[in-house]
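As a plain string of letters, each chain reads:
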Amino acid sequence: MSNIERVDVAIVGAGTAGLAALREIRKRTDDFVLINAGSYGTTCARVGCMPSKALIAAANAFHARTRLDEFGIRGGEALVADIPAVLHRVRVLRDHFVSGVLKATEDLGSRNIAAHARLDGPNRLIAGEHVIEAKRIVLAPGSSPIVPEQWRAFGDRIITSDTLFEQKDLPRRIGVVGLGAIGVEIAQALARLGIEVYGFDGADRIAGVSDERIAQVAQDLLAQEFAIHLGAQVELAEADDGIEMRWDGGNVVVDKVIASVGRRPNLKGLGLDTLGVPLDDKGMPEVDSNTMRIGDTTIFLAGDANGQRPLLHEGADDGHIAGLNATSENPIHLSRRIPLSVVFSDPQIASVGQRAGELNPRTILTGEVSFARQGRARTMQENYGLLRLYAARENGRLLGAEMVAPAAEHMGHLLALAIGQKLTVHDLLRMPFYHPTLEEGLRTALRMIARELPPCSISDLAGCGPIGVEALE
Ligand SMILES: Cc1cc2nc3c(=O)[nH]c(=O)nc-3n(C[C@H](O)[C@H](O)[C@H](O)COP(=O)(O)OP(=O)(O)OC[C@H]3O[C@@H](n4cnc5c(N)ncnc54)[C@H](O)[C@@H]3O)c2cc1C
Ligand SMILES: NC(=O)c1ccc[n+]([C@@H]2O[C@H](COP(=O)([O-])OP(=O)(O)OC[C@H]3O[C@@H](n4cnc5c(N)ncnc54)[C@H](O)[C@@H]3O)[C@@H](O)[C@H]2O)c1
């Protein structure tokens, strides 16, 4: 072991959260080290957000052929998905995104240590040959896919998001266990590329949707593309021609199984037990989400590793807050953004603000729109899905929304702004709704709530009732 190295700040993990912390820390001090185990380039760019979206885009492009006939365009059935080429493109894009991320650390020299770090008390880290004493420490070690122990016997026939994008080709039949964000996105993409997909979830709703109606519509739509079994406990067994998936109610043989049953914070071996703070049964300390501080220590836990909001933009915010606090004398408390999540299925599944399950049905008004007959959605042949808005009964303030809808990513952002600005349904109805747009569907849902509220003036323009002509609504 070398001598003790003393620094102001040590960052553990060069993922999105760690790099966001690094950006803040570099503005204030050069006296830091960054320690990263394994590959650089971040989970998001290497094996997460970006390669998954590249795969989804290819799948959606191929799937478009199934609607061409209805547009009057012939010959779509002759198109072929060249899976190795699809996967190659995913990796080319992935490499491009990773190379962009690598620039953030290339000039760090000896301040960048490639090693696994563990705490050895509140201010000390052991990282390979290095012993580092730091006044403040930002821990941002991320999370890893969970693979049930008994499945490990199936070797590389069990795929996770860590290995999916490395595949050179894909087999004919794939089981997907866990239909959260990852499972839903990947299962639909693979099905659209022509693979027989069998999806399972132990819960009774997909993609963590809390609104029962939205969950049902999402499930019905996705079930048109691949088999969905909910409330299913799946067991795997060796079969002559693959892996047999058994559940209460049936069995099917597949070639490979994707484990998408969640991700676990990388806390094992991190030495949190040396901090002298209470840990819960998962080994997680209490973390203040406005400072990212662990208890009253000088240690900050950011990103997926704290298990609070395992999303890219939230991890970046965590890192930013942790980086600020790791270089500040007095704690800086920052408020968090309006919750927003988007699952990139087609249609997209999104939630913004408070979810149905978090609200008291007696104190809210609900408005909804089905996109089945919505004008613009019909012109694009994307006329499916449902959006539900929740507003406070007492004053019409928008509280949240859940949706499975075309362009949900855009409506989700618009609604997040409205909720953040504490706008009411009447305020929203005063904005222009261009014709013909999907946002006109949003207006329908807003009007539904407005009808339950006392009128706010003689006319709030868009709030006046529907015209009653489908193509104009
Ligand atoms: C398939 C997939 C798709 C996703 N899609 C989206 C999406 O569309 N939108 C979205 O918002 N989010 C998405 N996410 C989630 C998003 O990728 C994560 O929330 C985000 O990448 C977490 O960043 P992080 O900095 O916490 O962790 P990471 O980026 O994983 O960084 C952690 C780093 O710490 C290192 N490390 C771990 N332990 C140690 C240690 N002891 N010592 C030193 N280094 C260590 C790791 O090797 C890693 O380099 C997706 C995730 C996956 C897997
Ligand atoms: N578009 C996005 O924003 C996006 C995309 C992918 C991932 N992510 C992030 O990555 C994180 C991890 O995603 P994920 O989908 O792996 O986790 P998740 O926790 O969202 O979903 C896991 C699913 O697996 C199910 N499950 C758990 N154990 C099971 C079992 N034994 N059998 C059957 N089903 C089981 C759960 O009921 C749940 O529906 C998410 O929390 C999300 O924040 C986000």
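From a predicted model like this one, the values you see are computed outputs, not experimental measurements. (Residues numbered from 1 in each chain as written. Chains lettered and ligands numbered in written order. Predicted model: local features only at pLDDT ≥ 70, side-chain atom pairs only at ≥ 80, totals over all residues. Heavy atoms only, no water.)

## A look at the site of ligand 2
Phase 1 of the analysis: Near ligand 2 lie 18 residues; those nearest to it are I182, E185, D201, P310 and V342.
Phase 2 of the analysis: Here a nitrogen atom of ligand 2 and a backbone polar atom of V342 are 2.7 Å apart.
Phase 3 of the analysis: Considering ligand 2 on its own, with 840 Å² of exposed area, one finds that the protein chains cover 70% of that surface.
Phase 4 of the analysis: Secondary structure elements with two or more residues in the shell around ligand 2: α7 (181–192) and β18 (340–343).
Phase 5 of the analysis: Considering every element that reaches the shell around ligand 2, the biggest residue donor is α7, with three residues.
Phase 6 of the analysis: Counting only domains with at least three residues in the shell around ligand 2, you end up with domain 2 (149–262) and domain 3 (340–472). (Near = heavy atom within 4 Å. Polar contact = N/O pair within 3.5 Å; in protein donor to acceptor, adjacent residues only side chain to side chain. Areas by Shrake-Rupley, 256 points an atom, 1.4 Å probe, with all protein chains shown as cover. Helix = DSSP H or I, 4+ residues; strand = E, 2+ residues; numbered from the N terminus. Domains from an automatic or database assignment.)

## Some thoughts on the confidence of the model for the chain
Phase 1 of the analysis: For the chain, the average pLDDT comes to 96, and 96% of its residues sit at 70 or higher.
Phase 2 of the analysis: Both scores are available for the predicted complex, with the pTM at 0.96 and the ipTM at 0.99. (pLDDT = per-residue confidence, 0-100.)

## As for the pairing of strand β10 (residues 196–201)
Phase 1 of the analysis: Along β10, five of the six residues are buried, which leaves the element largely enclosed by surrounding structure.
Phase 2 of the analysis: Handedness of the β-α-β unit built from strand β9 (residues 173–177), α7 and β10 comes out right-handed.
Phase 3 of the analysis: Strand direction decides the pairing type here: β10 and strand β11 (residues 227–230), joined by four bridges, are parallel. The residue bridging Y198 from the neighbouring strand is A227, located in β11.
Phase 4 of the analysis: Between the parallel pair β10 and β11, the chain is carried across by helix α8 (residues 212–222), and the sense of this crossover is right-handed. (Buried < 20%, exposed > 50% of the residue type's maximum accessible area, 1.4 Å probe, protein only. Right-handed = clockwise from strand over helix to strand, strands pointing away. Pairing = 2+ DSSP bridges.)

## A few points about the site of ligand 1
Phase 1 of the analysis: The immediate surroundings of ligand 1 are formed by 34 residues, with N36, A37, T43, K53 and D304 found nearest.
Phase 2 of the analysis: In this structure, an oxygen atom belonging to ligand 1 sits 2.7 Å away from a main-chain N or O atom of A37.
Phase 3 of the analysis: Isolated, ligand 1 exposes 1000 Å² of accessible area, and the fraction of that covered by the protein chains is 90%.
Phase 4 of the analysis: Listing elements by their share of the shell around ligand 1, those giving two or more residues are α1 (16–28), β2 (32–36), α2 (43–47) and α3 (49–63).
Phase 5 of the analysis: Taken together, the residues of the shell around ligand 1 sort by class into 18 nonpolar, 13 polar and three charged. (Nonpolar A, V, L, I, M, F, W, Y, C, P; charged D, E, K, R; others polar.)

## Details of the UniProt feature "binding site: FAD" (unreviewed entry) in the chain
Phase 1 of the analysis: In the UniProt entry, the feature "binding site: FAD" (unreviewed entry) is given for K53 and D304.
Phase 2 of the analysis: With respect to the helices and strands, the residue K53 is situated in helix α3.
Phase 3 of the analysis: Taking relative accessible area as the criterion, K53 reaches 24% and is therefore assigned partly exposed.
Phase 4 of the analysis: Residues contacting K53, with those up to four places away along its chain left out, are E185 and F344.
Phase 5 of the analysis: The class for D304 is partly exposed, based on a relative accessible area of 23%. (UniProt positions renumbered as here; feature names shortened; annotations may be inferred. Contact = heavy atoms within 4.5 Å.)

## Topic: empty space enclosed by the protein
Phase 1 of the analysis: Tallied over the entire structure, the rule returns one cavity of 30 Å³ or more.
Phase 2 of the analysis: A volume near 70 Å³ is recorded for the largest cavity.
Phase 3 of the analysis: In this structure, the largest cavity is lined by P145, T160, S161, L164, F165, I182, I186, I258, A259, S260, G262 and R263.
Phase 4 of the analysis: Of all the secondary structure elements, the ones that give two or more residues to the lining of the largest cavity are α6 (161–164), α7 and β15 (256–259). (1 Å grid on protein atoms, 1.4 Å probe; cavity = no way out; pocket = protein on both sides within 12 Å on 5 of 7 lines; lining within 4 Å. Points joined across faces, edges and corners; volume = space filled by probe spheres on them.)

## Some details on the pattern of salt bridges
Phase 1 of the analysis: If you walk through the whole model with that rule in mind, you get 30 salt bridges.
Phase 2 of the analysis: For the salt bridge of R152 with E149, the shortest nitrogen-to-oxygen distance reads 3.5 Å.
Phase 3 of the analysis: The exposure class assigned to E149 is exposed, which follows from its relative accessible area of 58%.
Phase 4 of the analysis: Between E244 and R246 there is a salt bridge, and its shortest N-O distance comes to 3.3 Å.
Phase 5 of the analysis: Judged by relative accessible area, R246 falls into the partly exposed class, the value being 40%. (Salt bridge = Lys/Arg side-chain N within 4 Å of Asp/Glu carboxyl O.)

## Observations concerning the sheet that holds strand β20 (residues 364–370)
Phase 1 of the analysis: Taken in spatial order, the five strands of this open sheet run β18-β19-β22-β21-β20, and their pairing is antiparallel. Looking at strand neighbours, the two that pair on one side only are β18 and β20, the edges of this open sheet. Adjacent strand axes in the sheet meet at a mean angle of 10°, parallel and antiparallel pairs treated alike.
Phase 2 of the analysis: Where strand β19 (residues 348–353) and strand β22 (residues 398–405) come together, six bridges link them in antiparallel fashion. Residue I349 lies in a different strand from β22, and its bridge partner there is V404. (Axes fitted to C-alpha atoms, helices over the stretch in contact; angles between N-to-C directions.)

## Let's talk about the domain arrangement of the chain
Phase 1 of the analysis: Under the domain assignment used here, the chain contains domain 1 (4–144 + 264–326), domain 2 (149–262) and domain 3 (340–472).
Phase 2 of the analysis: The straight-line distance from the C-alpha centre of domain 1 to that of domain 2 is 26 Å.
Phase 3 of the analysis: Taken together, the contact between domain 1 and domain 2 spans 23 residues of the former and 17 residues of the latter.
Phase 4 of the analysis: Where domain 1 abuts domain 2, roughly 1700 Å² becomes buried across the two surfaces, and 63% of that area is made up of carbon and sulfur atoms.
Phase 5 of the analysis: On inspection of domain 1 and its partner domain 2, the count reaches two salt bridges.
Phase 6 of the analysis: For the salt bridge of K53 with E185, the shortest nitrogen-to-oxygen distance reads 2.9 Å.
Phase 7 of the analysis: At the boundary of domain 1 with domain 2, the tally comes to six residue pairs in polar contact (both at pLDDT 80 or more).
Phase 8 of the analysis: When residues of the side of domain 1 that touches domain 2 are traced back to their parent elements, those giving at least two are α3, α4 (65–71) and α5 (83–102).
Phase 9 of the analysis: It is α3 that contributes the most residues to the side of domain 1 that touches domain 2, ten residues altogether. (Buried area = accessible area lost by both parts, 1.4 Å probe.)

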